[in-house]
Amino acid sequence: MKHKYKNSFHIEPAQGLLNDPNGLIQYQGKYYFFHQWNRFNTNHEYKEWGLFTSTDLVNWENPGTALVPDLADDKDGIYSGSAIEHDQKMYLFYTGNTKTKGIRKSWQKIAVSADGKTFIKEPQGIETPAGFTEHHRDPKVWQSQGKWWMIVGAQTTENVGAITLFTSTDLINWAFQGTFYSDPDLEQMCECPDVFSLTDEVDILTVCPQKRSSNEEIDLPVSSYAGYSVGKVDYQQKQFVPTGEIQLLDQGFDFYAPQSFQDDKGRRIIVAWMSRMDEEQEKQCPTIKEGYLHCLTMPRELKWEQGQLRQVPLKEYQQLRKDQQTYTAAEEVIKNQQTAYELVIDFKEEVSAFDLTLNAEANSLQFKDNVLQVSRINWVSGEKEVKEIPLESLHKLQIFCDTSTLEIFINDGQFVFSMRNFRTRSSSDITYKHLNEKGSVVFYNY
Ligand code: FRU
């Protein structure tokens, strides 16, 4: 059944709450996207790993679940983690979360599959090393220098965000190697770390720094964000060496807990949980009435170009394009009833001003005086809210609008704005102003 806000090309659960993408992998030709899932309710009280699979990253099947909390050391949640393939087997690394009489204890755990259908948990778990609290979770594993490496999001006993490092030669037994990265920029805890190379010279560390109160069980109202740092892994020192500050991965309202993987075309693809909602926004999210909550972002390809990180929509989405309409007038009102569509605005040169509204003015984009602003209507307050960035010049916009999401790629992925977008208007009309002479606006129904 198609609910009012049901997306047509984003991964979302048929029921319950979805959060972080987990265990992203292409295994024996098929893409596996596991995810944090509360199948029973639209709250965070229970977590297992749900699963979506695909052969093209656009059309997804939902075979159900992979890991449930059924052991003493994961009884209170199969928390986030990653996947790798070795000897034709899929290895899943996750955090077993337990809370006994209010006291948290975490283990990094392993499950192995020989067919992508049955996942057998290994009995042992990796204990949190001395010097760190039990906020130790979200293992990410990769292979380098003839070894396996695992980083884990952590908090030092001094209440500083950190990332711990472990190595292994057999994927089952892991030895603690020290702190991979720690910095006050990581606030009081670092969730969901990931690290990968984009070129021989450039490695990227992605992090989710989180502010936490000194009372370890109290989560502060939304204070965390997804960021990245450019640098290099020093495999001798066993540390990440940054060359700059942590920067925002996404400029929009909803993007968190991203994870990346490499596919068989050699592409580095990243996906995030499309939420950074506060408690009130989450509680009032209109899909809750339909029994489900949250979705993932579209997968994006990461590239390093001209000294910058770029996030580019996957070519695979082009298969969804239908009914192309091209506009070249300086301004236009495009009558539209479609709730899922793509817009490609190619100025073919640098422009200094442009105005766009989407979805019967529920969303706007304005570029003026070297500032780019994007807005949506907040579904709790009913008011317009705006995100803005300084932007030297604009030459291209690529916009993916799904029934209740919006992803706006600026200048071939130099910046991206991702957000949930619960429209209440009866049309999805589009208007624009100040299109330059060489420019074109192309609309595709999806
Ligand atoms: C990030 C996170 C992870 C944790 C998971 C629990 O959103 O808090 O650190 O493993 O969600 O669902």
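Residues numbered from 1 in each chain as written. Predicted model: local features only at pLDDT ≥ 70, side-chain atom pairs only at ≥ 80, totals over all residues. Heavy atoms only, no water.

Details of the layout of surface pockets
So, point 1. There is about 690 Å³ of room inside the second largest pocket.
So, point 2. Lining the second largest pocket are 33 residues, and of these W142, F196, F261, Q262 and R268 sit closest to its centre.
So, point 3. A total of five residues in the lining of the second largest pocket trace back to one element, the largest contributor, which is strand β9 (residues 137-144).
So, point 4. Taken together, the residues of the lining of the second largest pocket break down into 15 nonpolar, nine polar and nine charged. (1 Å grid on protein atoms, 1.4 Å probe; cavity = no way out; pocket = protein on both sides within 12 Å on 5 of 7 lines; lining within 4 Å. Points joined across faces, edges and corners; volume = space filled by probe spheres on them. Helix = DSSP H or I, 4+ residues; strand = E, 2+ residues; numbered from the N terminus. Nonpolar A, V, L, I, M, F, W, Y, C, P; charged D, E, K, R; others polar.)

Structural notes on the UniProt feature "domain: Glycosyl hydrolase family 32 C-terminal" (unreviewed entry) in the chain
So, point 1. Here the UniProt-annotated "domain: Glycosyl hydrolase family 32 C-terminal" (unreviewed entry) positions come out as residues 318-440.
So, point 2. Along residues 318-440 one finds 0% helix and 58% strand; the C-alpha atoms at either end are 18 Å apart. (UniProt positions renumbered as here; feature names shortened; annotations may be inferred.)

A closer look at the site of the ligand
So, point 1. In the vicinity of the ligand, the contacting residues are N19, D20, Q36, K47, Y79, S80, R137, D138, E191, Y256 and W273.
So, point 2. One nitrogen or oxygen atom from the side chain of N19 is found 3.0 Å from an oxygen atom belonging to the ligand.
So, point 3. K47 places a side-chain nitrogen or oxygen 2.9 Å from an oxygen atom of the ligand.
So, point 4. Across the complex, the protein chains shield 90% of the 320 Å² of accessible surface that the ligand would expose by itself.
So, point 5. Of all the secondary-structure elements, those providing two or more residues to the shell around the ligand are β1 (16-27), β5 (78-86) and β9.
So, point 6. Across the shell around the ligand, the residue classes break down as three nonpolar, three polar and five charged. (Near = heavy atom within 4 Å. Polar contact = N/O pair within 3.5 Å; in protein donor to acceptor, adjacent residues only side chain to side chain. Areas by Shrake-Rupley, 256 points an atom, 1.4 Å probe, with all protein chains shown as cover.)

Focus: empty space enclosed by the protein
So, point 1. Taken as a whole and judged by the stated rule, the model has two cavities of 30 Å³ or more.
So, point 2. By volume, the largest cavity is sized at about 80 Å³.
So, point 3. What lines the largest cavity is a set of 14 residues, among which D138, C192, P193, P258 and Q259 lie closest to the centre.
So, point 4. Listed by contribution, the elements that provide at least two residues to the lining of the largest cavity are β1, β5, β9, β13 (189-197) and β18 (256-262).
So, point 5. Its residues assigned to classes, the lining of the largest cavity comprises six nonpolar, four polar and four charged.
So, point 6. Roughly 40 Å³ of volume is contained in the second largest cavity.
So, point 7. If you go around the second largest cavity, the residues you meet are F9, H10, I11, F33, W60, L296, T297, M298, P299 and Y317.

Some details on the side chain of N363
So, point 1. Its place among the elements puts N363 in strand β27 (residues 363-368).
So, point 2. When its relative accessible area of 1% is taken as the criterion, N363 is described as buried.
So, point 3. With near-sequence residues (within four places) excluded, N363 lies in contact with L356, T357, L358, S375, R376, L406 and N421. (Buried < 20%, exposed > 50% of the residue type's maximum accessible area, 1.4 Å probe, protein only. Contact = heavy atoms within 4.5 Å.)

What to know about the environment of T357
So, point 1. Following the sequence through the fold, T357 ends up in strand β26 (residues 354-358).
So, point 2. Expressed as a C-alpha distance, the spacing of T357 and D429, which sit 72 residues apart in the sequence, is 8.1 Å.
So, point 3. The residues touching T357, leaving out its near neighbours within four places in the chain, are N363, S364, D429, I430 and T431.
So, point 4. A polar side-chain atom of T357 sits 2.6 Å from a polar atom in the side chain of T431.

A short note on the sheet that holds β26
So, point 1. The six strands are arranged β24-β33-β26-β27-β28-β29 in an open sheet whose pairing can be described as antiparallel. Strands with a single pairing partner mark the edges of an open sheet, and in this sheet they are β24 (332-334) and β29 (384-390). Averaged over all neighbouring strand pairs, the angle between strand axes comes to 10 degrees, with direction disregarded.
So, point 2. Pairing between β26 and strand β33 (residues 430-433): three bridges, direction antiparallel. (Pairing = 2+ DSSP bridges. Axes fitted to C-alpha atoms, helices over the stretch in contact; angles between N-to-C directions.)

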